[in-house]
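Listed here are the chains, written in short residue letters.
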Amino acid sequence: MAALKYAGLEDTDSEEELPPGWEERTTKDGWVYYANHLEEKTQWEHPKSGKRKRVAGGLPYGWEQETDENGQVYFVDHINKRTTYLDPRLAFTVEDNPVKPTTRQKYDGNSTAMEILQGRDLSGKVVIITGANSGIGFETAKSLALHGAYVILACRNTSRGKDAVERILAEWHKAKVEAMTLDLASLQSVQCFAEAFKSKNMPLHILICNAAVFGAPWCLTEDGLESTFQVNHLGHFYLVQLLEDVLCRSSPARVVVVSSESHRFTDIRDSSGKLNFSLLSPSKKEYWAMLAYNRSKLCNILFSNELNRRLSSHGVTSNSVHPGNMMYSSIHRNWWVYTLLFTLARPFTKSM
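The structure displayed is predicted, hence computed values, not measured ones.

Novice: Help me understand the sheet that holds strand β14 (residues 316–321) in this model?
Specialist: Hydrogen bonds along the backbone pair up the strands of a sheet, which may run parallel or antiparallel. Pairing is parallel in the open sheet, where 6 strands are placed in the order β11-β10-β9-β12-β13-β14. Each end of this open sheet is capped by a strand with a single partner; those strands are β11 (176–181) and β14. Across this sheet, the average inter-strand angle for adjacent strands is 15 degrees, counted without regard to direction. Here 4 bridges tie strand β12 (residues 206–209) to strand β13 (residues 253–258), and the two strands are oriented parallel to one another. Bridged to C209 within β13 is V257. Packed onto the sheet, helix α3 (residues 135–146) meets β9 (126–130), β10 (150–155), β11 and β12 and runs at close to 170 degrees relative to β9. Those strands touched by helix α5 (residues 187–198) are β9, β10 and β11, and its axis lies near 145 degrees from that of β11.

In structure tokens:
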């Protein structure tokens, strides 16, 4: 344990001594994880004791945290004028003893993406996440990448996508992440993205349709469709159709569509009970932002259910999910009224 000795943190507990090829690290928020350099994977549990730990308190006096050119966190001891990649707080870790979940409900509103993926090894899995540069999409991308998956961040804004990749690499410089351009408001962009992905000759094990707009003013896309409907539903519908063959070849695979409980507060049928296509892409006169969002989320669920019915026999499952009531993210950015409401509600919402 030369690194421990160098940092002045010698370890005498044989149970805590790491096997050859393993390294103990910490995340920026103080959680301890273990890197297996031989197999190039990470895990939260100590490879010998199986315990999970977190650091207690801040950095010792005179210490400062920095990041090198590869995105790896290191620590500077200004008093003794030395640097180390070993977190000095590891001498003061405390064991994490999470409360065992009940048999009725394993996760709740306080669960994090990292906790849900705890113990999972996603090495070799390829994941595409739309709208992954912020909010729920980013947290999902980061969590999957830190558990070994190759994650493609499909983002409309290329620079923000690249910035999100850098933030993930700052957590773990060996994370396999990549940003690709995808504008769901353009069916041509969706087609170009699918062709670019297929040219990589990679499998696709998980496709997460997460991107969405909320409270957007009425406007038509370049395809002549109302933007909320196309971005939230039709763009994803088209993307899945284009990648369906890759998903089937990669089975077992899955599609996850992020919907909302707000789908319950609308309908897309006329008075006779038939599907009313004019409700899906309404004119400006008949447009209401909240109703358009609700309808798009209802379409998400209907699509996911039918997709699962058609592809489950081919090893591809599809699920629609509700991320949680009043989940605070940037989805409200299109209108100041929603921004104000979300800001007032933020102390009572689930944090990213």
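This is not the end of the story, as more comes after the structure.
Novice: Can you walk me through the sheet that holds strand β7 (residues 82–84) in this structure?
Specialist: Read from one edge to the other, the open sheet built from 3 strands follows the order β5-β6-β7, with strand pairing classed as antiparallel. Among the strands making up the open sheet, the edge pair consists of β5 (63–67) and β7. Within this sheet the neighbouring strands show an average axis-to-axis angle of 30 degrees, counted without direction.

Novice: Any chance you could explain the packing of α5 against helix α6 (residues 227–249) here in plain terms?
Specialist: The description of two packed helices rests on the angle between their axes and on the distance between the axes. Orientation of α5 relative to α6, taken along the N-to-C sense of each, is 30 degrees, at an axis distance of 10 Å. The orientation of α5 with respect to α6, classified from their angle, is roughly parallel. With respect to the hand of their crossing, α5 and α6 are arranged in right-handed fashion. Listed contacts from α6 to L187, V190, Q191, F193, A194, F197 and K198 of α5 are Q230, G235, Y238, L239, L242, L243, D245 and V246. Considered class by class, the residues forming the contact of α5 with α6 number 10 nonpolar, 3 polar and 2 charged.

How each quantity is defined
- Residues numbered from 1 in each chain as written.
- Predicted model: local features only at pLDDT ≥ 70, side-chain atom pairs only at ≥ 80, totals over all residues.
- Heavy atoms only, no water.
- Pairing = 2+ DSSP bridges.
- Helix = DSSP H or I, 4+ residues; strand = E, 2+ residues; numbered from the N terminus.
- Axes fitted to C-alpha atoms, helices over the stretch in contact; angles between N-to-C directions.
- Contact = heavy atoms within 4.5 Å.
- Parallel < 35°, antiparallel > 145°, perpendicular 65-115°, else oblique.
- Left-handed = near helix turned anticlockwise from the far one by under 90°.
- Nonpolar A, V, L, I, M, F, W, Y, C, P; charged D, E, K, R; others polar.

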